[in-house]
Amino acid sequence: MSTRPPLHLLCVVAARPNLMKMAPILAALARQAPSLRITLLDTGQHYDPAMSGQVFTALGMRAPDISLDVGSGSHAQQTAEIMRRYEPVHLALQPRLDAVMVVGDVNSTLACALVAAKLGTPVLHVEAGLRSGDRSMPEEINRLLTDQLSELLFTSEAGARANLLREGIAPERIHFVGNVMIDSLRQQLPRAAPPGATLLDYGHACPPAYGLLTLHRPSNVDDGGRLASLLQAMAELSGELPLLFPIHPRTLAMLRKTGLEQLFEQHAIVPLPPLGYLEMLGLMQGARLVLTDSGGIQEETTALGVPCLTLRDNTERPVTVDEGTNTVAGTEPETIMALARAILQSDGQPGGKRGRIPEYWDGHAADRIAAITVQWLQQCRGT
Ligand code: UD1
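All values derive from a computational prediction rather than experimental measurement. Numbers given for residues are sequential positions, taken from 1 along each chain in its written order. The predicted origin of the model limits local features to residues at a pLDDT of at least 70 and limits the giving and counting of side-chain atom pairs to 80 or more, whereas totals for whole chains, interfaces and linings rest on all residues. Here the side-chain values reflect all heavy atoms present in the structure, with hydrogen atoms and water set aside.

Asker: I'm lost on the site of the ligand in this one. Help?
Answerer: Around the ligand, the surrounding shell holds 19 residues, and the nearest of these are Q45, H46, Y47, E139 and R250. At 2.6 Å, a side-chain N or O of E139 approaches an oxygen atom of the ligand. In protein, a polar contact requires one atom able to donate a hydrogen and another able to accept it; more generally it is a pair of N or O atoms within 3.5 Å, and residues adjacent in sequence count only if both atoms are side-chain atoms. H248 places a side-chain nitrogen or oxygen 3.0 Å from an oxygen atom of the ligand. For every accessible area listed, the method is Shrake-Rupley and the probe measures 1.4 Å; residues are considered covered only by the protein chains on display. Taking 740 Å² as the accessible area of the ligand by itself, protein coverage stands at 86%. Residues are labelled near a given molecule or strand when at least one of their non-hydrogen atoms is within 4 Å of it.

Spelled out as C-alpha cells, the structure:
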C-alpha cells in the first residue's frame, strides 16, 4: 500500500526584513498543519550577523535547512547568482515539492519566484500588491514581476488589491490577510530592549528625548551629494532633538568614501552599528520621531503610534500615511525640517494626525496566511 508523501512547502528568506515576515508564518503553519513538511531556504543575501543570524535568534526562528550563501553584487549579478544556485536545489526537491513561498520585494524574492515558476511550481507571495509607482526603485521591479509569477497573493493593506486587479491578476488569487510584520512586532514587543541598555552597550548615554534615523535606499545613499544634503538636514535637526543613527552597511560604505562620518563628531548624531530586532523595536518605541527610508519601519511606527517622516518622494505603503502616523517628507532639507519641527511642537502628532491601526494589523495575519495556504495546498493535491 503506497502512502502519499506529506504536503511540502519551501519557504525563502534572504534579507533582514524577510525574517520578521517569515517567522510568524512558520509558527502558524506548524500550529495549524503539523504534518506539513517545510524546507526553509536562506539565500544569504544578507550575511552579516547583525543583518541575519542574530535576527533568526531574536525571533526564535529555526536555522535554515539550506543556505545558498550568495552574498552581495550588482542587481544583475546577485539576482542571477541566486537563480543559478537555487535552481539545482529546487530541482532536487521538486518531485515532492508542492509550492514555494516568498516574502517582500528583495532580489531573492524575485529570483526564487522566477526559478520556481519556470519549473512549474506554484509561487505564493506574501506582501503582494504594494506599489510605489516608482520604477527607479529596484524593489518596485521585484514587486511587479513577483506578483505576475504568483499563484496566491497575500496582501497586507486593503489598497493592494486594486493594484493587482489593475495589472490583470485574477481576483480569486488575491487574499487580504493583513500585515505579518506586525505579528512579529506584537509578539516581540514585550522583549524589546530598553533604549538605555542598547545605548550603553555601544558606549553612549541615552538622551531623554531622541529621534531615530535610518537610511539605506540606493536613491538616498549611493549618491554622495544626496546623502550629504540629507545629513546636513539631520545635523540641523539634531540641534533640536538628538538623533540615533543605526547605519546599514551600504550607507556606511558611502559615509566612509565621502568623509561624511565627520559630521557625527560635530553634531548630536549618535552613529550605531546595524542593530538587532529587539534593540530596534525598543528604540522605535521610545523615539519622539522616526526618520527613515525603510518600508518596514513605516509600518512598525504606524503600529506603535510613533510619528514617522519617510525620506523619500513616495511610499508603496499608503495606508501608513492615510491611516497611520507616517508622512512622506521627500528629500528636500527645508521640507523635512518644517515637518520635523511641526511634530516636535505638536506633542508628537504629525500635522495633528493621530493615526490608527490599519485593518488586519492585529497580530493574526500569519494565522490567516497559514489557513489559506494549507487549504489551497490540500485542494491542489486533491486531498
Ligand atoms: C536589501 C533590499 C531592500 C531591503 C534591504 C533591507 C534588494 C533590491 N534590496 O537592500 O529592499 O530594504 O535589503 O536591509 O534586495 N551588505 C553587508 N552585509 C550584509 C548585507 C549587505 O555588508 O549582510 C552590504 C554589501 O556591501 C552590499 C550592500 O550592503 O553590497 C547592499 O546589500 P544588498 O543586499 O544588495 O541590498 P540592501 O541595500 O541591503
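The structure having been displayed, the exposition proceeds.
Asker: How should helix 7 (residues 180-188) be read in this particular structure?
Answerer: For the α-helix, the turn length of 3.6 residues means that residues three or four positions removed from each other point alike. Of all nine residues that make up helix 7, seven are buried, and the element is covered over most of its length. Under the scheme applied here, a residue whose accessible area is under 20% of the maximum for its type counts as buried, over 50% as exposed, and between as partly exposed, the area being computed with a 1.4 Å probe on protein chains only. Working definition: helices are DSSP H or I runs of at least four residues, strands are E runs of at least two. Numbering for both runs from the N terminus. Those residues of helix 7 that fall on the buried side of the exposure criterion are V180, M181, I182, D183, S184, L185 and Q188. Contacts: residue pairs with any heavy atoms within 4.5 Å of one another. Those residues of helix 7 that are buried are in contact with helix 1 (16-32), helix 2 (53-58), strand 5 (123-128), helix 13 (277-286), helix 14 (295-304) and helix 17 (365-381).

Asker: Where do I start with the nonpolar core in this structure?
Answerer: Generally speaking, nonpolar side chains in soluble globular proteins are found buried as a group. Counting 62 residues, the largest nonpolar core has M22, I25, M61 and M101 as the members making the most contacts within it. At eight residues, helix 1 tops the list of elements feeding residues into this core. Contact partners of M22, with chain neighbours within four places excluded, come to C11, V12, V13, L40, M61, M101 and V103. By size, the runner-up hydrophobic cluster in this structure holds 30 residues, among which are L231, L260, L263 and I336. Only buried residues count toward a nonpolar core. Its members are Ala, Val, Leu, Ile, Met, Phe, Trp, Tyr and Cys residues joined through side-chain atoms within 4.5 Å.

Asker: Help me out: how do you make sense of the domain arrangement of the protein chain in this one?
Answerer: Often, the extent of an interface is quoted as the loss of accessible area upon association of its parts. Taken domain by domain, the protein chain comprises domain 1 (8-178 + 361-381) and domain 2 (194-345). Listed per partner, the contact involves 21 residues of domain 1 and 18 residues of domain 2. Buried surface at the junction of domain 1 and domain 2, summed over both partners, amounts to about 1600 Å²; 60% is from carbon and sulfur atoms. The rule for a salt bridge is simple: a side-chain nitrogen of Lys or Arg has to be within 4 Å of a carboxyl oxygen of Asp or Glu. Our count for the contact surface shared by domain 1 and domain 2 stands at three salt bridges. Those elements giving two or more residues to the side of domain 1 that touches domain 2 turn out to be helix 1, helix 2 and helix 5 (138-149). The residue classification treats Ala, Val, Leu, Ile, Met, Phe, Trp, Tyr, Cys and Pro as nonpolar and Asp, Glu, Lys and Arg as charged. All others, Gly included, are polar. Split into classes, the residues belonging to the side of domain 1 that touches domain 2 amount to ten nonpolar, two polar and nine charged. For the domains described, the bounds stem from an automatic or database domain assignment. We define buried area as the total accessible area lost by two parts upon association, computed with a 1.4 Å probe and summed across both.

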